[in-house]
Amino acid sequence: MALTPEWTHRIEAWKEELPKHVYRPLGTVEMAGFTTLEQLSPQEALQRDFQPMPPGTKWGAKWEYGWFKGGLVLPEEAEGKRIALRVDVGGEGLVFVNGVAVGSRDRWHTEVTLTTSGVPGTRYDILVESYAGHGPRVSHAGPTPPDRETVPEPGPTQVTVGQTTFGIWEEEVYQLMIDVETLYRLRNSLDPESLRVAEIDQGLKDFTLIVDFELPREEMMATIREARERLRPLLECVNGSTMPIMFACGHAHLDVAWLWPLAETERKEARTLANQLALFQEYPDYKYVQSQPHLYQMVKRRYPDLYERLKQAVAAGNIIPEGGMWVEADTNIPSGESLIRQFLHGKRFFREEFGVESELLWMPDVFGYSAALPQIMRGCGIKYFASAKIFWNYNGGEPFPYNTFIWEGIDGSEVLAHLYKNYNSHTVPDLVIQHWKDRVQKDGISTRLMPFGWGDGGGGPDRNHLEFIRRERDLEGVPRVRLTSPIEFFKDQEKRGIPDARYVGELYFQAHRGTYTSQARIKRGNRKSELALREAEMWGVAARVLAGYAFPTQEIEDAWRSVLLNQFHDILPGSSIHRVYEEAEAAHRSVIETAERVANAAASQITREAQAMAIFNSLSWGRKALVTLPDGSRGAVGPSGEALPVQAVGDKVVVEVQVPSCGWTTLQLVDEGAEGLVEGGVTATDRVLENDLLRVEFNDRGEIVSILDKEAERELAAGVCNQFRMYKDVPSRFDAWDIDSMYERTPVELDEPASIEVVTAGPLVATLRITRRLHQSQMTQEVTLRRDSRRVDFHTVIDWQERHKLLKVAFPVDFHADEAIHEIQFGHIRRPTHRSRPFDADRFEVVNHKWTALAEENRGFAVLNDCKYGVNVSGNSINLTLLKSALAPDMTADRGRQEFTYAFYAWNGSFAESGIVREAYELNVPVRTAPGAAGEQSLFSVDAPNVIVETVKPAGDG
């Protein structure tokens, strides 16, 4: 029968009393210390002046670290005993004992072991590096209180020095504590009418009758030993032949940046590794998965002694360096080439440092997975994929149907995928049982992957995790737990036979949709950095081959790693604190500056001095470009001696030039421009832009009321286009992460008129400047149409001063399609334009790269962009998401100057022949110029228009 309330209360009371007898202090450690904003090594810290910091001392300004030292000598009572140190100096700390990092002091790790067999008279010198934090933890959203305009910046955080002690760790009490906890949690998870529960209940009752906490210590310890003997048979009962297997591995999900900056991540990783290295000494079969080579690199640079111990643990098979990518990157926003570089740099690091060929993409906490990933993975030698996040659909939604399955990408590439429950799991019996029960795939699988340990901010497993697993190797009623590596799980699955389950397309995460838009500057910086490095590599390689240019390989590799680092899934998606974005934006500026310098230096190697200008086109098709001539030049002559059409734009002169595929041409500069070479051209008034193909009409707010396709004699606008739509954006759970589905019900009126003026109108190009106010923000937009073009560009600058607002621009057009087409890495996917079924409705905000389109059989309409990723298509309206102003965890997110360009492009004919991919590339990749002459040359061309030369780079092996 079930335990009576009286027996339950008694067992719980004894259970709660046990931990109070595990640790017996022998003495205190007097700590002296100092605080600093510098990043010091232990050796550097020990050279500083330490002042007494007794219990009660407060310390910890924003971003400040504290260093503390003290010492102890073991007394006679320590003879043969396990001795633990409990450090309490405030904050999270890395603990060094006699110069060796032995563990951490954090929320989950409260003591470190000094010795398992004390020797009286032994001295231990203690050094602690601690971080107090930098302000209140704010990741939850919710409405802003009405009496505050915004959430205040976190102020200085003060922590208080507590009492640091050392003492005897009563191992037998601790082991009994785990025995009792194991059996109690197990019985609560089994059939209460079963014989197994009845026997456990009797054992737990007997435990409370045997253990007497009020006896003198030695007599009490005898009752502890007797109780363990009473419970031993219950812990030796084994399963039958059909119990599932949990492949368990230690793990400490550590966000490379989030609610802390990169500098603190270095220390979090050191604390985490010190914890795990200590565990390996006592649990030699324990295996711990450490992904993200960037974290290894941090330790190698900042803690070289710790890194050497790490390498020894890898060689011994305790640490499993696996994961594929340089960091656990977002996969929605990075380009295809960036994702490849994540694998190239990640796999190379593991290979060169540890001799390991990574086969697994380990992505526990990423916010959805691109349909292009299987193709990229297979091309990079990655066979397996593991994640947990897809099941975290806290706002509801259609459940994902599989745990173990074949994932098929947009080109038919396949990888074996497994989705486990939680990347911060515990190993207590009820949660292990629940982990199995929570599988969504009830047939065809008998194993699951089970990472365990404390995470997000690192830390990793502690002794408790491993002690529970020792009891669960084959404990009746609990799935068998096997300590192993994730790769062994996948190889075992292949031997058993892969389940008949297949998922095609993107693994869409039904939450965190705001991450496609939050922190717009970081997304712009990422796009511009990727493309700047593309230019640097293309022209650097060309100059090396043609002119002996010394390509700066290391400099460009460092720049790429900077981009890869800032694609981490809490940096690029926009969900970190303000300091993270200060540092990331600076990193992007540095990358772009480096790439531009390399590209310019390479171009100068190709050109020779002359009264000329070379025009470089890195795209793999010839293109007609507008180029601004140098000051003093009024015209240009092409390579065949023909005068080129020009147009004055203010005090500048632009020229139209044809540039070959992946190559360059040369313009001879002249003093007189050639007028009248263009028929038709472009005209403009303050309400109309028009060329031979399109006529675009604007209203008083700078919105478009008509898009006439003159070629098809058809009106394309089905409503007001280029219409800015603002909404209140107050997610109920996670501010920077989320856009809740009901945002459309809270529109913000934008009815102020615009000022519209003609900037230029001529044979080559016409531009209108629109200035208007959007709620609290000021916007200036230059709208441009070129001759012979079906594309209209909107270069936009906004002084964004909103809080909890979402800004979209809408293009409702006269097209009907059940699906919209969205560009992703190396291709495109189709998503519904309706909300007929739950999964259709759940995708009310999705990601695109350079374009989203509506296409009918013989015509189409697209919205292009140069740095925007969030979009939704509702019926016939393409709505590009421009800005989002979250308040947490960065209270100033996105405020200030924002710059971006979007465009619309309309075509007649089939989608395959639309030219949309090329138009989007041309919007994002302008031609570049260099002074001097270089003749005309095309390095590469392709004879199939659907093939694109995405990257030309130096060989990875030099």
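Everything discussed here concerns the structure shown above.
Predicted model only: the values in this text are computed from it and were never measured.

**A look at a negative patch on the surface**
Taken together, Asp212, Glu214, Glu218 and Glu219 make up a surface patch of like negative charges. Along the chain, Asp212 turns up in the loop between α4 (195-210) and α5 (217-235).

**Observations regarding helix α1 (residues 5-17)**
An α-helical segment advances 3.6 residues per turn. Residues three or four places apart therefore align on the same side. Relative to the 18 Å expected for 13 residues at 1.5 Å per residue, α1 spans 18 Å between its end C-alpha atoms, a close match to the ideal helical length. Every buried residue belonging to α1 is among Thr8, Ile11 and Lys15, and all of these are buried. The arc that holds the buried residues of α1, viewed along the axis, is 70°, so those residues lie on one side. Exposed and oriented more than 90 degrees from the buried face of α1 are Pro5, Glu6, His9 and Glu16. At its buried positions, α1 is contacted by α3 (171-187) and α4.

**Notes on the sheet that holds strand β47 (residues 877-884)**
Pairing within the open sheet is antiparallel, and its six strands lie in the order β35-β34-β40-β47-β46-β43. In this open sheet, the two strands that pair with only one neighbour each are β35 (747-748) and β43 (846-847).

**Brief notes about the pairing of strand β40 (residues 805-812)**
Judged by how many residues are buried, β40 sits mostly within the fold: eight of eight residues are covered. Both faces of β40 are covered, namely the face carrying Lys805, Leu807, Val809 and Phe811 and the face carrying Leu806, Lys808, Ala810 and Pro812. Examined bridge by bridge, strand β34 (residues 723-728) and β40 share six bridges and lie antiparallel to one another. When the bridges of β40 are listed, Phe724 appears paired with Val809.

**Considerations on the side chain of Ser189**
Residue position: Ser189 is located in the loop between α3 and α4. On the basis of relative accessible area, Ser189 is assigned to the buried category, the value being 19%. A polar side-chain atom of Ser189 sits 3.1 Å from the main-chain carbonyl oxygen of Arg185.

**Concerning the sheet that holds strand β29 (residues 683-684)**
Taking strand neighbours across the sheet as the criterion, the five strands line up as β29-β30-β31-β32-β33 in an open arrangement whose pairing is antiparallel. Two strands bound the open sheet, and with one partner strand each, they are β29 and β33 (714-715). Sheet topology note: the β29/strand β30 (residues 688-690) ladder contains two bridges and is antiparallel. Note that in β30 the partner of Ala684 across the bridge is Leu689.

How each quantity is defined
Residues numbered from 1 in each chain as written. Predicted model: local features only at pLDDT ≥ 70, side-chain atom pairs only at ≥ 80, totals over all residues. Heavy atoms only, no water. Patch = residues over 30% accessible without salt bridge, like charges linked within 9 Å, V, L, I, M, F, W, Y side chains within 5 Å. Areas by Shrake-Rupley, 256 points an atom, 1.4 Å probe, with all protein chains shown as cover. Salt bridge = Lys/Arg side-chain N within 4 Å of Asp/Glu carboxyl O. Lys, Arg positive; Asp, Glu negative; His and termini not counted. Charge placed at Lys NZ, Arg CZ, Asp CG, Glu CD. Helix = DSSP H or I, 4+ residues; strand = E, 2+ residues; numbered from the N terminus. Expected span 1.5 Å × (residues − 1). Buried < 20%, exposed > 50% of the residue type's maximum accessible area, 1.4 Å probe, protein only. Arc of directions from axis to C-beta. Contact = heavy atoms within 4.5 Å. Pairing = 2+ DSSP bridges. Polar contact = N/O pair within 3.5 Å; in protein donor to acceptor, adjacent residues only side chain to side chain.

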